[in-house]
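# Residue-level structural notes
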Amino acid sequence: MRLLLDVMCGGLDAYLRMCDHDTVYAGDRGLEADDALLALARDEDRTLLTRDVALAARAADSILLESRDVEEQLAELADAGIDLTLADEPRFCGRCNGRLERVDSTASTPEYAPDSTETDVWRCRDCDQHFWQGSHWDRVERTLSEIDGSDGNPDDGG
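Everything numeric in this text was worked out from a predicted model, so none of it was measured.

With that settled, consider the pairing of strand S1 (residues 2-5). Summarising the sheet, S1 and strand S2 (residues 22-25) pair through 4 bridges and their orientation is parallel. Within the sheet, the bridge partner assigned to Leu 3 lies in S2 and is Thr 23. As a crossover connection, the stretch from S1 through helix H1 (residues 13-18) into S2 is right-handed. In terms of strand pairing, S1 meets strand S3 (residues 47-50) through 3 bridges, oriented parallel. Bridging across to S3, Leu 3 finds its partner in Thr 47.

Structure below.
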């Protein structure tokens, strides 16, 4: 999906990008005015995610979120039919939404990233940030499984 998050929903961007959604955060583009958000959503054919009732009503395609809590917002998105399954191989940068490319196993990686001969690593074509499926990926996966109830724990109905 192609999504646009208004500034009240910025905590969702990395989650949605990790679930393979092309997700623009308005704050990254310096957009706050409703008309600018609506124009971007229209011009880029994006579904607007917002907590603003009036803005949602003006958008051609929007999802109105009620909660301020990120995990509750994720649950609202799941209820609205947004697929919150982690991508097998990430395509979008968690930082800027740029396209990711796999780092060749013979290429060096920055000091903060694992060795590409031992772990699959991706690099953003736009901001040069490196990503891999490490502990952050595992935490996001746990959070998403708790939201959809599929964590297999019989004590919580999942």
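Let us now look at helix H4 (residues 70-79). Every buried residue of H4 is listed here: Gln 73, Leu 74 and Leu 77. An end-on view of H4 places all buried positions within 100 degrees of arc, on one side of the element. Positive backbone phi, approximately 95 degrees, marks Gly 81, located one or two places after H4.

If you walk across this open sheet you meet the 4 strands as S2-S1-S3-S4, and the pairing is parallel. The outermost strands of the open sheet, each flanked by one partner alone, are S2 and strand S4 (62-64). Sheet twist, expressed as the mean angle between neighbouring strand axes with direction ignored, is 20 degrees.

Criteria and thresholds
- Residues numbered from 1 in each chain as written.
- Predicted model: local features only at pLDDT ≥ 70, side-chain atom pairs only at ≥ 80, totals over all residues.
- Heavy atoms only, no water.
- Pairing = 2+ DSSP bridges.
- Helix = DSSP H or I, 4+ residues; strand = E, 2+ residues; numbered from the N terminus.
- Right-handed = clockwise from strand over helix to strand, strands pointing away.
- Buried < 20%, exposed > 50% of the residue type's maximum accessible area, 1.4 Å probe, protein only.
- Arc of directions from axis to C-beta.
- Axes fitted to C-alpha atoms, helices over the stretch in contact; angles between N-to-C directions.

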